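Summary of structural features
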Amino acid sequence: MSHLLLIGFMGAGKSTVGRLLASHLEVPFVDLDAEIERAAGGRPVSEIFSAEGEAVFRAMESAALAALEGAPASVVACGGGVVLDDENRRVLKSLGTVVYLKVSAAEALARIGDVAGRPLLERGDATAMAATLLTARETLYRSTADLTIDTAGLSAEAVAERVLAAVGDGEAAQDGAS
Ligand code: S3P
């Protein structure tokens, strides 16, 4: 049993590409942020951040990730900060194939558009904050991933095709059933 886990910065296309991959591989798609929101009784991520603080959100994120152990094989879109925690990085590697969808800070912001609802970007200068966060995380994304796909200028469909070509169509995110 092996999951296919997408990591990378906000705006990298993890959710869009993840849905395409899950559909192609015929496995469930899991959005880790959505799982956290569900566990929080339907409260959005931004509200968890503002009401409880980032530390509480991160603890919920770790719990949602750990809950994938033993779950049916799926394609998982992880939140951009999942790699910040040592244990999360260990869990990610143990869960399956980890793919880093690389995006520049400028392209990420262009794709995101309105930063409302992105607690780490909406408080101040989003351009400066995105660059700072990405620089701090780049090494963690790379060291956690089994492979990196540079998404610059690519459509979600093209990124999904590259992921499938790289991981071997049907080899990741399946439990041998098909
Ligand atoms: C975060 C990314 C968000 C979400 C939260 C924190 C981050 O997910 O988990 O706002 O630290 O980069 P996406 O990467 O899906 O936007």
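The structure contained in this document is the topic of the report that follows. Remember, predicted model here, so these are calculated numbers, not experimental data. (Residues numbered from 1 in each chain as written. Predicted model: local features only at pLDDT ≥ 70, side-chain atom pairs only at ≥ 80, totals over all residues. Heavy atoms only, no water.)

**Describing the site of the ligand**
Taken together, the neighbourhood of the ligand is formed by 13 residues, with K14, D33, R58, R118 and R137 sitting nearest. Within the side chain of D33, one N or O atom sits 2.7 Å away from an oxygen atom of the ligand. Here an oxygen atom of the ligand and a side-chain polar atom of R58 are 2.7 Å apart. Taking 390 Å² as the accessible area of the ligand by itself, protein coverage stands at 93%. Of the residues that constitute the shell around the ligand, the class distribution is five nonpolar, three polar and five charged. (Near = heavy atom within 4 Å. Polar contact = N/O pair within 3.5 Å; in protein donor to acceptor, adjacent residues only side chain to side chain. Areas by Shrake-Rupley, 256 points an atom, 1.4 Å probe, with all protein chains shown as cover. Nonpolar A, V, L, I, M, F, W, Y, C, P; charged D, E, K, R; others polar.)

**Brief notes about the packing of aromatic side chains**
Under the criterion given, the structure shown has two aromatic pairs. Measuring from ring centre to ring centre gives 4.8 Å for F49 and F57, while their planes differ by 45°; the resulting arrangement is tilted. With relative accessibility at 7%, the residue F49 sits in the buried group. Under the relative-accessibility criterion, F57 is labelled buried at 3%. Consider the rings of Y100 and Y141, whose centres lie 5.0 Å apart with planes at 25°: the pair is stacked. You can see Y100 sitting in strand β4 (residues 96-102) and its partner Y141 sitting in helix α7 (residues 126-144), a full 41 residues away along the chain. (Phe/Tyr/Trp six-rings, centres within 6.5 Å; stacked < 30°, edge-to-face > 60°. Buried < 20%, exposed > 50% of the residue type's maximum accessible area, 1.4 Å probe, protein only. Helix = DSSP H or I, 4+ residues; strand = E, 2+ residues; numbered from the N terminus.)

**Regarding the pairing of strand β1 (residues 3-7)**
Counted residue by residue, β1 has five buried out of five residues, so it is predominantly covered. The side-chain alternation of β1 yields two buried faces, one formed by H3, L5 and I7 and the other by L4 and L6. Sheet topology places β1 next to β4; five bridges connect them, and they run parallel. Within β4, the position partnered with L4 by the bridge is T97. (Pairing = 2+ DSSP bridges.)

**A closer look at helix α2 (residues 32-39)**
The opening residue of α2 is D31, an N-cap whose side-chain oxygen sits 3.0 Å from the backbone nitrogen of D33. Two residues or fewer after α2 comes G41, characterised by a positive phi angle close to 75°.

**Observations regarding the environment of L101**
As for its placement among the helices and strands, L101 is situated in strand β4. Considering only alpha carbons, one finds L101 and A12, 89 residues apart in sequence, at a separation of 5.9 Å. When neighbours within four sequence positions are excluded, L101 is seen to be in contact with L6, I7, G8, F9, A12, G13, K14, V17, I149, T151, V159 and V163. (Contact = heavy atoms within 4.5 Å.)

**Focus: unusual backbone geometry**
Located in the positive-phi region is E26, a residue other than glycine, with phi close to 60°. Relative to the elements of secondary structure, E26 occurs in the loop between α1 (14-25) and β2 (29-31). By relative accessible area, E26 is classed as exposed at 71%.

**Some points on the pattern of salt bridges**
This structure, assessed with the given rule, holds nine salt bridges. A salt bridge links R58 to E61, with the nearest nitrogen and oxygen atoms 2.9 Å apart. With a gap of three residues between them, R58 and E61 both fall in helix α4 (residues 54-66), about one helical turn apart. In terms of burial, R58 and E61 fall into one category: buried. (Salt bridge = Lys/Arg side-chain N within 4 Å of Asp/Glu carboxyl O.)

**Observations regarding the environment of L120**
Counting through the fold element by element, L120 comes out in the loop between α6 (105-112) and α7. Given the relative accessible area of 16%, L120 is considered buried. Separated by 62 residues in the primary sequence, L120 and R58 have C-alpha atoms spaced 13 Å apart. Those residues in contact with L120 that lie beyond four places of it in its chain are M10, F49, E54, R58, M129, L133 and R137.

**Thoughts on the packing of helix α5 (residues 86-95) against α7**
Describing two packed helices takes the angle between their axes plus the distance from one axis to the other. At a minimum axis distance of 10 Å, the contact between α5 and α7 shows a crossing angle of 30°. Viewed along their axes, α5 and α7 adopt a mutual orientation that is roughly parallel. Relative to α7, the crossing made by α5 is right-handed. Where α5 approaches α7, its residues R89, L92 and K93 are matched on the opposing element by L140, S143 and T144. Considering only residue class, the contact of α5 with α7 consists of two nonpolar, two polar and two charged. (Axes fitted to C-alpha atoms, helices over the stretch in contact; angles between N-to-C directions. Parallel < 35°, antiparallel > 145°, perpendicular 65-115°, else oblique. Left-handed = near helix turned anticlockwise from the far one by under 90°.)

Spatial relationships are all this shows, so hold off on functional conclusions.
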